[in-house]
Structures are given as structure tokens and as C-alpha cells.
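A structural walkthrough
Below are the chains, spelled out letter by letter.
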Amino acid sequence: MYLAWAQKEWEWFARSGMINDQNLINDGLTSDCKNNGGNTWTYNQGVILGGLQGLYEITKNETLIGHAEKIADAAMSNLRFPNGVLRESCDPNNSCGSDGAEFKGVFVRYLGELYFSLDSEHRRSITAFLNINVDSLWNRDRGNGINFGGSWEGPFSWDDDVQINLPRTQVALDAFNAILSTNNC
């Protein structure tokens, strides 16, 4: 029963128009069920990657992985700074707030899980992307100890609101966990 619902939900989502011409997921639909052209937040990409990878694990339907590859490739190519570091549209001015601080973690967590269902070419691409990001996190966005800022490109910035700082560190750990799993450490 749950599998049938998950498949129906994917079929609806794939037809909904939320996946744009760049293979990125926009943030919603208009009242007449058209792509709203809104932000392409990293968590939107990550949630769908996780769902597609989970459905693939159960069904072994290769077309699901094909969709996931396109979305992952599009996100790694488009949702980044010129140096390859993952970004949100709110990163340059550190205005992501407490929920936005967690968005990149959803993407890298599910990108790391998707890695194991992909061919070697896509695995190399993901590993390179994650390496760029954890290197930048560690060297450009880390404060004293293990405090991390919101923009992985750096420089590190501290927010006096613990509800923002704690998610930033948790998200950095998501990136470190993803690269550790892809490097077979």
C-alpha cells in the first residue's frame, strides 16, 4: 500500500511542473498549478533525491535513478558559487534564518546516499563536489573549534542566535558524513 502511494506521488510530482527546464525543483506551484518560478532551494533538490533513491532501492526501476542523476547534476552545477561551493540564494548576505541554515544539509545528506546507487562517473562527480565543499567548510567557514557559519564559501560569521548556529554545525556535519561515506573511510 505505501509503495503504491509513493509511486503515485512521484508520478504526480514528475508531471506537476515543479521540475523546471534546468532539472531543478522550484519551491512551489501557482494557484493554477504551474511552476511558480520560485527559489530552487537545496533542500527541495535533496528531498526529491532521497525519495527517488528510496523508491529505486525498493523497485530497482532505473528511470528513477535517471531522474535523480539529472536533478543532482543540475544542483551541483547551478546551486553553487563560481568556485563550486554549494549556496543558497540567501547566503551572500547571511539572511537564511534558522530554517534556511539547515537546507544544504538535506541536499548533501541525500546526495551522499544517492552516491551508492550510481555509476562510477557520477560517483566521481559527487565525490569531487563534496570534497570542494568540505574543504571550503573547514578552511573558510569554520570559527573557533567546530563552529561553522552559514555560507560554506566563508568567511565565517557568528550569529548570537543559538537556533541559527546549532543547525549550521549540524549541516556541516552532514557534509562531512557524506564525504566520509563516499570515500569509503
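In this text the structure is predicted, and so the values were computed from the model without any measurement. Just so you know, the residues in each chain are numbered from 1, in the order the chain's sequence is written. Selection of residues for local features in this predicted model requires a pLDDT of at least 70, selection of side-chain atom pairs for listing and counting requires 80 or more, and totals for whole chains, interfaces and linings are taken over all residues. Only hydrogens and water are set aside; all other atoms, that is, all heavy atoms of the structure, feed into the side-chain values.

1. As for a nonpolar patch on the surface
Which entries qualify depends on this criterion: Without a salt bridge and with relative accessible area above 30%, a residue can belong to a patch; like charges are then joined within 9 Å and nonpolar side chains (Val, Leu, Ile, Met, Phe, Trp, Tyr) within 5 Å. Calculation of accessible area relied on Shrake-Rupley with a 1.4 Å probe; when residues are assessed, cover is drawn exclusively from the protein chains displayed. Salt bridges, as used here, are contacts in which a Lys or Arg side-chain nitrogen is within 4 Å of a carboxyl oxygen on Asp or Glu. Strands are runs of DSSP state E lasting at least two residues, helices are runs of H or I lasting at least four, and both sets are numbered from the N terminus onward. The classification of residues rests on relative accessible area computed with a 1.4 Å probe and restricted to protein chains. Under 20% of the type maximum is buried, over 50% is exposed, and intermediate values are partly exposed.
On the surface, M1, Y2 and W5 cluster together into a nonpolar patch covering about 490 Å² of accessible area. Positionally, M1 belongs in the segment before α1 (2–16). On the accessibility criterion, M1 (72% relative accessible area) is exposed.

2. Here we look at the state of the cysteines
Cysteine pairs can be covalently joined through their sulfur atoms, and such a bond is termed a disulfide. Rules: Any two cysteine sulfur atoms within 2.5 Å of one another count as a disulfide.
Inspection of every chain in the model, using the stated rule, returns one disulfide. Paired by a disulfide, C90 and C96 hold their sulfur atoms 1.8 Å apart. Taking the sign of the S-S torsion, 100° for the link of C90 and C96, the bridge is right-handed. A relative accessible area of 8% means that C90 is categorised as buried. You can call C96 buried: its relative accessible area is 16%.

3. Examining the packing of aromatic side chains
Defined as follows: Pairs were defined over the aromatic rings of Phe, Tyr and Trp, the Trp ring being its six-membered one, requiring ring centres within 6.5 Å. Orientation was assigned from the angle between planes: stacked under 30 degrees, edge-to-face over 60, tilted for the rest. Counted as over-ring charges are cases with an Arg CZ or a Lys NZ within 6 Å of the ring centre that also lie within 35 degrees of the ring normal.
Counted according to the given criterion, the structure contains nine aromatic pairs. A centroid spacing of 5.0 Å and a plane angle of 85° characterise the contact between Y115 and F116, whose relative ring orientation is edge-to-face. Of the residues examined, Y115 reaches a relative accessible area of 7% and is grouped as buried. The rings of W10, W12 and F13 are connected pair by pair, giving a single aromatic cluster. In this arrangement the basic side chain of K60 is found over the ring face of Y56, its NZ or CZ atom lying 5.3 Å from the centre. The lysine or arginine in question, R123, covers the ring of Y115, its NZ or CZ lying 4.9 Å from the ring centre.

4. Here we look at α1
Defined as follows: Expected helix span is taken as 1.5 Å per residue step, with the number of steps being one fewer than the number of residues. Directions drawn from the helix axis to the C-beta atoms are what define this arc. Only heavy atoms enter the contact rule, under which two residues are in contact if any of them lie within 4.5 Å.
Between its first and last C-alpha, α1 extends 21 Å over 15 residues, near the 21 Å set by a 1.5 Å rise per residue. Looking only at α1, the buried set comprises W10, F13 and S16. Down the axis, α1 shows its buried residues gathered within 125° of arc, on one side only. Elements that come into contact with the buried residues of α1 comprise α2 (42–59) and α3 (62–78).

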